[in-house]
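# Structure assessment
Chain by chain, the residues run as shown.
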Amino acid sequence: MPSEHPNRPYQDFGGSIGTVVGTSTPDWPARPKPGPSAPNVVIMLADDLGYADLGCYGSEIDTPHLDAVAENGLQFTNFHVMPMCSPTRAAMLTGLNAHLAGVGHVCHSDPGFPGYAMELTDRAATLAELFRDNGYATMMVGKWHLTKDSDLDDSSPKHSWPVQKGFERFYGILDGFTNFHHPHRLYRDNHHVDIDRYPDDYYFTDDITDEAISMIQSSKAGNPNKPFFLYFSHGAVHAPLQAKAADIEKYRGVYDAGWDDVRAARFRRQLEIGVIPADTPLPPRNHEQDHDVEAWDDLSPERRELFARYMEVFAGMVDSIDQSVGRLLSTLETLGELDNTIFVFTSDNGGSREGEVEGTSSYFDALRYAANRDGGYASFDFDHDRLDLIGGPQTLPHYPRGWAMVSNTPFRLYKINTHAGGHQVPMLVQWPAANLPAGERRTQYQHVTDLMPTLLEAAGIDRPAEHGGEAALPLAGASMAPVLQDADAESTHREQYYEMIGHRGYYRDGWEAVTMHLPATKFGDHEWELYHLEADPTEVNDLAADMPEKVAELAAAFDDAAWANQVYPLDEGTGLKMIQRPPTEAEYEVPVRILPGTPTLERFRCLTLINMRAFTVTIELGSFSAGDRGYLVAHGDQGGGYALGIDGDEVEFVYNEYGRISRVRSGPLDPSTRRIVLDMESTTRTEWNARILVDGTERGRLDNLPVLFAMAPFQGIDVGLNRRSPVDWGRYVTDGTFAYTGDLRAVTYTPGDRPPDHGNNFLDFLRELGAKYE
């Protein structure tokens, strides 16, 4: 009789046992084992940090630890990424161009095109998977932003979550940003973290630094010989601009001189320390249509006061990143691991102009304006009235684009643009054990897709030819190892395309053709500008009219690369790509009954119940007694939301319109009350009328409430309390989470009809509109 187990030959012992340990040969499975000198690897990625925001790149902001990395390692002055956060992360982790990796834009859409799948392709291993499969401990903290927002809740597919993409440990956020004082939804490994209330001194940057240090210490205590790969992905300095009070105070008054003077001072320091060529001109203040910046001296005193405060907070956030670097590197030194750790620091794109002309104390209102272009900012007076709150947990600010211009000194334009301001960023590398020439600069053009092959070569890891049973997609970058060792080595990255929301660019051997596409205008060759970057790194002298053949060459190269990398279709600016969603999402648009004690529902899942539509919220009480109080339901946070609760034996409805509070009370309840309904009527795409009904009788209303747009409410639905960042700060101060004390049985959300101006033909209208600009 043949054996079913090759390592256990069949023997007939007449019913006795087949074998014993003492006469058997052990057969342990082999474990991946890195080489004896395999380095630890740390990639630290800042968010929305411009080229000029570190001291070693000309900033006035105090960054001694990062400056020390530049002094002890290598400083790159011609390093490039994608002009947006998710695409850069996708390119960095896969080594592919972002569109080919499936992430051509931020992961808040799902329009049905392969370059915009908003999740990482299965045809390329991530850095984490490759390091894990070769014996490394793999860990990540901070911002992921590589999962489409419809897959963020507990019941969603998790194939594009960090753990499924190779990280054995994860702590942070899956979304693109969060409240730094009260994060809306933290995740640990493969589940979200239940937190009712944060400590008063909580700060997200400190928290993820604590977690990173803990992960490293735990791993090294468990197996001192096992190297680790840490991806430390900061949420800072992405909006909302929030910092610790002491860090804000440190920069009080530093920015009173304004963005023009601060930009000029940074430029002078850059020339002095040599991070830009000696003959580099500073371009004029950004003046392009829809990108222009007003002269600081032309602003009113009140605007200068407010705008300077925004930048003080931003500086405090950059300072906190540097503090994080110091703590992490100090831990590695204490553990004896610093010398053999490759430490890479860079940013995901240039400084962000999302605060637009005047900045905002309410980030979601700024995003609403950007999405709808309806002039609907929170007013300047409202922002100025909240001056002393800016940077703390009650506001979600962003600076005006004048400060983004400063962040990107000396380059033109901003995050999203394919001009240098969008994608030329700081990059530092330190690896003491490799004896890299300390304190040297590297001026070669290199790209974020070069990081994967460089790190794999340094670790002695080969990238497999297959992944997931299919041929692996070819890498877009090449190892920078020659450049690390030799300042005179040739760049290993000769050409690169760029594309973001219709802006296009193509770099080849020191030349770049680039466009600044205005939304809802025709694409065409007329948009191309041409710059010889070796002589004109700040893109001042447009040679397109003088060299049409060069423009045609680079435009054709862009088109070839765009087809090869899934860039098409281009975004013509109608907004269609952001709102066209797969039919499978309809499964979320059904009534849901939520019991007390249910963890906070995820924000996107909640938005499907209320977004630009009528809806009802039905509260079931088992009984009501005088003195019962607390929130029955709450949805949102300080950035916008609403809550329904009972206090003083009355129902109170509170509506937070991006920081503005409206409220209405119902009058006295009696012990027979069993059913309370919030009926939100959608009269137009931009307005709700709210009615409170108690046992079928209307007891209060608020009409013409502005509909919350642009991911607000950002914190999901709570039943029986208001966790974390509150809808109503005043209530939070007096009652904390304001947990309900009575007999609450359930809350049912029922999504209703769309308003008349949001008909089924709206998508068709946008498609027809977009076709005009092809």
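Residues numbered from 1 in each chain as written. Predicted model: local features only at pLDDT ≥ 70, side-chain atom pairs only at ≥ 80, totals over all residues. Heavy atoms only, no water.

### Notes on the overall build of the protein chain
Operational definition: What counts as a helix is a DSSP run of H or I of at least four residues, what counts as a strand is a run of E of at least two, and both are numbered from the N terminus. With C-alpha atoms as the basis for the radius of gyration, the globule rule is written as 2.2 Å multiplied by the number of residues raised to the power 0.38. Working definition: with a 1.4 Å probe on protein chains only, accessible area under 20% of the residue-type maximum means buried, over 50% means exposed, and in between means partly exposed.
Broken down by element type, the protein chain carries 18 helices and 28 strands. For 774 residues, the compact-globule estimate of 2.2 N^0.38 gives 28 Å, and the protein chain sits close to it at 28 Å. Projected onto the principal axes, the alpha-carbon positions of the protein chain cover approximately 95 × 80 × 55 Å. Across the 774 residues in the protein chain, those meeting the buried criterion constitute 61%.

### What about the packing of helix H4 (residues 204–222) against helix H7 (residues 301–334)?
Basically, it comes down to this: The axes are straight lines fitted to the C-alpha atoms, using for helices just the contacting stretch, and the angles between their N-to-C directions are given from 0 to 180°. To sort the angles, those under 35 degrees are grouped as roughly parallel, those over 145 as roughly antiparallel, those from 65 to 115 as roughly perpendicular, and the leftovers as oblique. Left-handed describes a crossing whose near helix is turned anticlockwise from the far helix by less than a right angle; the clockwise case is right-handed. Every residue pair with non-hydrogen atoms within 4.5 Å of one another is taken to be in contact. For this classification, Asp, Glu, Lys and Arg are treated as charged, while Ala, Val, Leu, Ile, Met, Phe, Trp, Tyr, Cys and Pro are nonpolar and the rest, including Gly, are polar.
Running from N to C, H4 and H7 cross one another at 15°; their axes reach a closest spacing of 10 Å. Considering the angle they form, H4 stands roughly parallel to H7. Read as a crossing pair, H4 and H7 show a hand that is right-handed. Residues Thr 205, Asp 206, Thr 209, Asp 210, Ala 212, Ile 213, Ile 216 and Gln 217 of H4 form the contact with H7, whose participating residues are Ser 320, Ser 324, Arg 327, Leu 328, Thr 331 and Leu 332. For the contact of H4 with H7, a count of residues per class yields five nonpolar, six polar and three charged.

### Observations concerning the confidence of the model for the protein chain
To keep it simple, the criterion reads: Residue-level confidence of the predictor is what pLDDT reports, using numbers from 0 through 100.
Counting all residues, the mean pLDDT for the protein chain is 93, and 94% of those residues have values of 70 or more. Within the model, pLDDT remains below 50 along residues 1–13, and this stretch shows six contacts once partners closer than five positions in the same chain are excluded. Here residues 371–377 scores under 50 on pLDDT; set against residues more than four positions off or in separate chains, the count is 17 contacts.

### A closer look at the sheet that holds strand S21 (residues 640–647)
As a reminder, the rule being used: At least two bridges found by DSSP between two strands is the condition for calling them paired.
Spatial strand order, S23-S22-S21-S20-S27: five strands in an open sheet with antiparallel pairing. Each edge of the sheet is formed by a strand with only one pairing partner; in this case those strands are strand S23 (660–668) and strand S27 (717–719). Within the sheet, the average angular offset between the axes of one strand and its neighbour, ignoring direction, is 10°. Alignment of strand S20 (residues 630–637) against S21, held across seven bridges, turns out to be antiparallel. Considered in S21, the bridge of Ala 634 is made with Ala 643.

### Regarding the packing of aromatic side chains
Note the threshold: A pair of Phe, Tyr and Trp rings is counted when the ring centres sit within 6.5 Å of each other, with Trp represented by its six-membered ring. The angle between the planes then sorts it: under 30 degrees is stacked, over 60 is edge-to-face, the rest tilted. Put simply, a charge is over a ring when the Lys NZ or the Arg CZ is close to the ring centre, within 6 Å, and near the line of the ring normal, within 35 degrees.
Using the criterion set out here, one finds 35 aromatic pairs in the structure. Consider the rings of Phe 314 and Tyr 399, whose centres lie 4.9 Å apart with planes at 35°: the pair is tilted. With Phe 314 in helix H7 and Tyr 399 in the loop between helix H9 (380–385) and helix H10 (401–407), this residue pair connects regions lying 85 residues apart in the sequence. Residue Tyr 399 is classed as buried on the basis of its relative accessible area of 1%. Relative to Phe 364, the ring of Tyr 363 lies with its centre 6.2 Å away and its plane at 45°, an arrangement referred to as tilted. Note on Phe 364: relative accessible area 0%, which makes it buried. One aromatic cluster in this structure is built from Tyr 255, Trp 259, Trp 296, Phe 307, Tyr 310, Phe 380 and Trp 403. The cationic tip of Arg 660 hangs over the ring face of Phe 382; the distance from NZ or CZ to the ring centre is 4.4 Å.

### Describing the sheet that holds strand S16 (residues 511–514)
The strands making up a sheet are joined through hydrogen bonds of the backbone, oriented either antiparallel or parallel. One open sheet holds the four strands; their spatial order is S14-S15-S16-S17, and the pairing between them is antiparallel. Only two strands of the sheet have a single neighbouring strand rather than two, namely strand S14 (495–500) and strand S17 (529–532). This sheet shows a mean twist of 10° between the axes of neighbouring strands, independent of strand direction. Pairing of S16 with S17, which is carried by four bridges, proceeds in the antiparallel orientation. The partner of Trp 511 across the bridge, within S17, is His 532.

### Considering the packing of helix H1 (residues 64–72) against H7
Orientation of H1 relative to H7, taken along the N-to-C sense of each, is 60°, at an axis distance of 7 Å. Classified by the angle their axes make, H1 and H7 are oblique. Of H7, the residues touching H1 (which contributes Pro 64, His 65, Leu 66 and Val 69) are Asp 322, Gln 323, Val 325, Gly 326 and Leu 329. Broken down by class, the residue content of the contact of H1 with H7 amounts to five nonpolar, three polar and one charged.

### Re the environment of Glu 272
Here Glu 272 lies in helix H6 (residues 259–273). Taking the C-alpha atoms as reference points, Glu 272 and Gly 58, 214 residues apart in sequence, are found 8.7 Å from one another.

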